[in-house]
Structure formats: C-alpha cells, structure tokens
Amino acid sequence: MAEGEVLVDFVMNPDSELDERSQQILNMEKLWWKYAGAKEQAITKQFSMSPTNYYQLLNQLIETDAALAYDPMLVKRLRRARSTKRRVSGNSAAGR
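Quick summary incoming for the structure in this document. (Residues numbered from 1 in each chain as written. Predicted model: local features only at pLDDT ≥ 70, side-chain atom pairs only at ≥ 80, totals over all residues. Heavy atoms only, no water.)

Comments concerning the packing of aromatic side chains
At step 1: For the structure on display, the rule yields two aromatic pairs.
At step 2: Judged by centre distance (5.5 Å) and plane angle (35 degrees), the ring pair of phenylalanine 47 and tyrosine 54 falls under tilted.
At step 3: On the basis of relative accessibility, which here comes to 10%, the residue phenylalanine 47 falls in the buried class.
At step 4: Summarising the aromatic geometry, the rings of tyrosine 54 and tyrosine 55 are spaced 5.2 Å apart at their centres and angled 85 degrees between planes, so their arrangement reads as edge-to-face.
At step 5: Look at tyrosine 55 and you get partly exposed, because its relative accessible area is 28%.
At step 6: Ring pairing ties together the aromatic residues Phe47, Tyr54 and Tyr55, which thus form one cluster. (Phe/Tyr/Trp six-rings, centres within 6.5 Å; stacked < 30°, edge-to-face > 60°. Buried < 20%, exposed > 50% of the residue type's maximum accessible area, 1.4 Å probe, protein only.)

Some words on unusual backbone geometry
At step 1: Of note in this structure, serine 48 is not a glycine but carries a positive phi near 55 degrees.
At step 2: Structurally, the position occupied by serine 48 is in the loop between helix H2 (39–47) and helix H3 (51–61).
At step 3: The exposure class assigned to serine 48 is exposed, which follows from its relative accessible area of 67%. (Helix = DSSP H or I, 4+ residues; strand = E, 2+ residues; numbered from the N terminus.)

Quick word on the side chain of arginine 82
At step 1: Here arginine 82 is to be found in helix H5 (residues 72–94).
At step 2: In this structure arginine 82 comes out as buried when scored by relative accessible area, which is 16%.
At step 3: Those residues in contact with arginine 82, other than ones at most four positions away along the chain, are Asn59, Ile62 and Glu63. (Contact = heavy atoms within 4.5 Å.)

That is the geometry; function is a separate question.
The following block contains the structure:
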C-alpha cells in the first residue's frame, strides 16, 4: 500500500439486510483506527463523500434494525456516543 493510501477492502456479509455501502460504513467505524491518516481523510478517500455527509448517513444508519442486527455492539456504542455528545452539547448551550 502506498503512503497515504487509505482504501480498504472490507469483508461484506451477503446475508445482511444492509447494502454494501452501509456495511462498509459500519466496518469503517469499527476499524478506522487501524489505518494511517486522519479519519476524515479516510472517509473522503474510501467513500468519495464529505465527512459531514458520511456522519449524516451514519446517524441515519445506526437507527435501523438492520444495522443493529449487523453489529449490535458497534451500533449500541455509536448510539451511546451520540447520546453523550448531544447531552454535553445541550448542557454547554444552556450555560451560555
């Protein structure tokens, strides 16, 4: 792999209700720390989309039953992290 190369071949589950891109997004969330470079750079290279668009898709995806069935531990962790961020953001906004 060349320096700065990020593209990753994720293992797909053909029995999943999720499409290939949705599976790749969840796999990226599970494995992104293993690859060199910033996560945002990896997202742009891997999915040809902005990190903002990626996170919007991710937030929609983790609300689905299919995502929960695909990787329950990951989806629950991502939901908790999102909930915590919202609580912290809400508290800091209230303190202004």
